[in-house]
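Spelled out, the chains give:
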Amino acid sequence: MGVLAATAIMTGCGSEPPPVVKVDAKADAAAKLKATKEAKVRNAAKVRANELGQIPVLMFHRVVPTPQTTDDRTPKQFRADLERLAKENYVPITAAEMVTGKIDIPAGKHPVVLTFDDSSPSQLTLNAVGVPQKDTAVAIMREVAAKYPGWRPKATFFVTRDLFGKHTREEQAQALLWLKDNGFEVANHTRDHLNLRSLTQEQVEEQIGSIGKTIDSLSYTKPVTISLPYGAQPRKKDWALRGKAYRHKGAFLAGYTPAPAPFSKSFDPAGIPRIKVMEKKGDCAQFCSEAWLDWLKKNPDMRYTSDGDVNTVAYPKFKAPYLRKTFTSLSLPY
């Protein structure tokens, strides 16, 4: 009897398995997603993110000791241009990154696009061991990056057939591959730098497509963007974006104002404005880089400020009407 009782005790309620608690996986995932989004909203609000704001796209040409036109900058001026941007929390991105919306910079920072037209030797010349020569644009960008943590040497070079003054295929390939391997964008500026407004569609496509093929054959890179010579659009502006031999995501003009963000309804990929780099003199008292950077500094609510997350488009709620519908899934209003 005692054995039976003991057996009954051993096999009684104490040996029953614990009750099964059902977990609603969908509800749990939804709660986690909600918490994550709320954290992102708080972070965006903290840095006052505005990814529908304006982006300065700066237009450079030559960097030379003795300027011959107002488009030229001395090495001293160019260093000062870059150092101002670094001190004011701008971070360079390429034109391709801008037009495709891949603006991956830290929270609270502002994107700036540095563009160089005409592929001048003053922009890039490599010495005998493949290092950029002192006081070229690329060398100065790298110096500034070493001096200012968080600044990065990144820019877009819109090239013509001049190809940095190199004449042999080997030298041309070396220059373009160096840019590509070091994080710079090689892009299209047409073969002969002609005014596209006066050309037929066939001529436009030949000017754009031929240099595009040259760039691809030398650096295995199909240009994503183009800058239009003299800022002149073809008679049909989309000819600059699409042709039989090319597909561009953005076409850049010669100057004037900061550019709309790619997420904004104001963004026109066929006509993206740039800003001439110059001090406040003459017409540049209002429409060149010093004036526009001053204006953006005084009007921070108009400037693009990143939330630090390349997978969201953060902005104050009242700016919601300005968001392009194609980016609704990335929308993060606060």
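Residues numbered from 1 in each chain as written. Predicted model: local features only at pLDDT ≥ 70, side-chain atom pairs only at ≥ 80, totals over all residues. Heavy atoms only, no water.

### A few points about the overall build of the protein
- Scanning the protein from terminus to terminus reveals 9 helices and 12 strands.
- On C-alpha atoms alone, the protein measures out to a radius of gyration of 27 Å, which is more than a quarter above the 20 Å that the 2.2 N^0.38 rule sets for 334 residues.
- When the backbone C-alpha atoms are referred to their principal axes, the protein occupies close to 115 × 45 × 45 Å.
- Looking at the protein as a whole, 49% of its 334 residues qualify as buried.
- Here the analysis covers contacts within the protein between residues at least 6 apart in sequence; of these, 68% occur between residues at least 24 apart.
- Accessible area for the protein stands at about 17200 Å²; split by element, carbon and sulfur atoms hold 56% of it.
- Across the protein, 49 positive and 35 negative side-chain charges occur, with their mean positions spaced 4 Å apart. (Helix = DSSP H or I, 4+ residues; strand = E, 2+ residues; numbered from the N terminus. Rg over C-alpha atoms; globule rule 2.2 N^0.38 Å. Buried < 20%, exposed > 50% of the residue type's maximum accessible area, 1.4 Å probe, protein only. Contact = heavy atoms within 4.5 Å. Areas by Shrake-Rupley, 256 points an atom, 1.4 Å probe, with all protein chains shown as cover. Lys, Arg positive; Asp, Glu negative; His and termini not counted. Charge placed at Lys NZ, Arg CZ, Asp CG, Glu CD.)

### Describing the nonpolar core
- The biggest cluster of nonpolar side chains holds 41 residues, and the ones touching the most others in it are Leu-114, Met-141 and Phe-157.
- Where this core is concerned, the elements lending two or more residues are β1 (57-60), α3 (75-87), β3 (110-117), α5 (137-147), β4 (156-159), α6 (169-181), α7 (201-219) and α9 (289-298).
- The contacts of Leu-114, once residues within four sequence positions are left out, are Leu-58, Phe-60, Leu-82, Leu-85, Pro-92, Ile-93, Met-141, Trp-151, Lys-154, Ala-155 and Thr-156.
- Of all hydrophobic cores here, the second largest spans 24 residues; its members include Met-98, Val-99, Phe-158 and Phe-327. (Core = buried A, V, L, I, M, F, W, Y, C linked by side-chain atoms within 4.5 Å.)

### Details of helix α2 (residues 25-46)
- With 22 residues, α2 should cover 32 Å at 1.5 Å per step; its first-to-last C-alpha distance of 32 Å lies within 8% of that length.
- Directly after α2, the chain includes Arg-48, whose backbone phi takes a positive value near 55 degrees. (Expected span 1.5 Å × (residues − 1).)

### Observations regarding the packing of aromatic side chains
- Applying the stated criterion across every chain yields a total of 11 aromatic pairs.
- Taking the centre distance of 4.9 Å and the plane angle of 15 degrees together, the rings of Phe-116 and Phe-157 count as stacked. Of the two residues, Phe-116 is situated in strand β3 and Phe-157 in strand β4; the sequence distance between them amounts to 41 residues.
- Each ring, one from Phe-157 and one from Phe-164, has its centre 6.1 Å from the other, and the planes form 65 degrees; the classification is edge-to-face. (Phe/Tyr/Trp six-rings, centres within 6.5 Å; stacked < 30°, edge-to-face > 60°.)

### Description of the environment of Met-302
- For Met-302, the position within the fold is in the loop between α9 and β11 (313-315).
- In this structure the C-alpha to C-alpha distance between Met-302 and Leu-179, which are 123 residues apart in sequence, comes to 32 Å.
- In this view, Met-302 contacts Asn-50, Gly-53, Gln-54, Trp-295 and Leu-296; residues no more than four positions away in its chain are not counted.

### A look at unusual backbone geometry
- Positive phi values are uncommon outside glycine, yet Asp-118 reaches one of about 85 degrees.
- For Asp-118, a relative accessible area of 25% gives the class partly exposed.

### Considering the packing of α3 against α5
- Following both chains from N to C, one finds α3 and α5 inclined at 40 degrees, their axes separated by 10 Å at the closest point. Relative to α5, α3 is oriented oblique. Our pair here, α3 against α5, has a crossing hand that is right-handed. Packed against α3, whose contacting residues are Pro-75, Phe-78, Arg-79, Leu-82 and Glu-83, the element α5 presents Ala-137, Ile-140, Met-141, Glu-143, Val-144 and Lys-147 at the interface.
- By residue class, the composition of the contact of α3 with α5 is 7 nonpolar, no polar and 4 charged. (Axes fitted to C-alpha atoms, helices over the stretch in contact; angles between N-to-C directions. Parallel < 35°, antiparallel > 145°, perpendicular 65-115°, else oblique. Left-handed = near helix turned anticlockwise from the far one by under 90°. Nonpolar A, V, L, I, M, F, W, Y, C, P; charged D, E, K, R; others polar.)

### Considerations on α9
- All buried positions along α9 are accounted for by Ser-289, Ala-291, Trp-292, Leu-293, Asp-294 and Leu-296.
- Residues of α9 that are buried in the fold lie against β1, α3, β2 (90-93), β10 (275-276) and α8 (284-287).

### Considerations on the pattern of salt bridges
- Considering all chains together, one arrives at 21 salt bridges under this definition.
- Put simply, Arg-79 and Glu-143 hold a salt bridge, and the shortest N to O gap is 3.1 Å. Taken together, the residues Arg-79 in helix α3 and Glu-143 in helix α5 connect sequence positions 64 residues apart.
- Take Arg-79: its relative accessible area is 22%, and that puts it in the partly exposed class.
- Among the residues examined, Glu-143 registers a relative accessible area of 32% and is labelled partly exposed.
- Its salt-bridge partner being Arg-84, residue Glu-88 comes within 2.9 Å of it at the nearest N-O pair.
- You can call Glu-88 buried: its relative accessible area is 14%. (Salt bridge = Lys/Arg side-chain N within 4 Å of Asp/Glu carboxyl O.)

### Some words on the confidence of the model for the protein
- Within the protein, residue pLDDT values average 94, and 93% of them lie at 70 or more.
- Mean pLDDT across the elements of the protein bottoms out in helix α1 (residues 2-10) (43) and peaks in strand β6 (residues 225-227) (99).
- Every residue in residues 1-13 is under pLDDT 50, and counting partners more than four places away or in other chains gives 1 contact. (pLDDT = per-residue confidence, 0-100.)

### Some points on the packing of α6 against α7
- Direction vectors running N to C along α6 and α7 enclose 80 degrees, while the axes themselves pass 8 Å from each other. In terms of orientation, α6 lies roughly perpendicular with respect to α7. Here Arg-169, Gln-172, Ala-173, Leu-176, Leu-177 and Lys-180 of α6 lie close against α7, whose contacting residues are Ile-215, Ser-217, Leu-218 and Ser-219.
- Taken together, the residues of the contact of α6 with α7 sort by class into 5 nonpolar, 3 polar and 2 charged.

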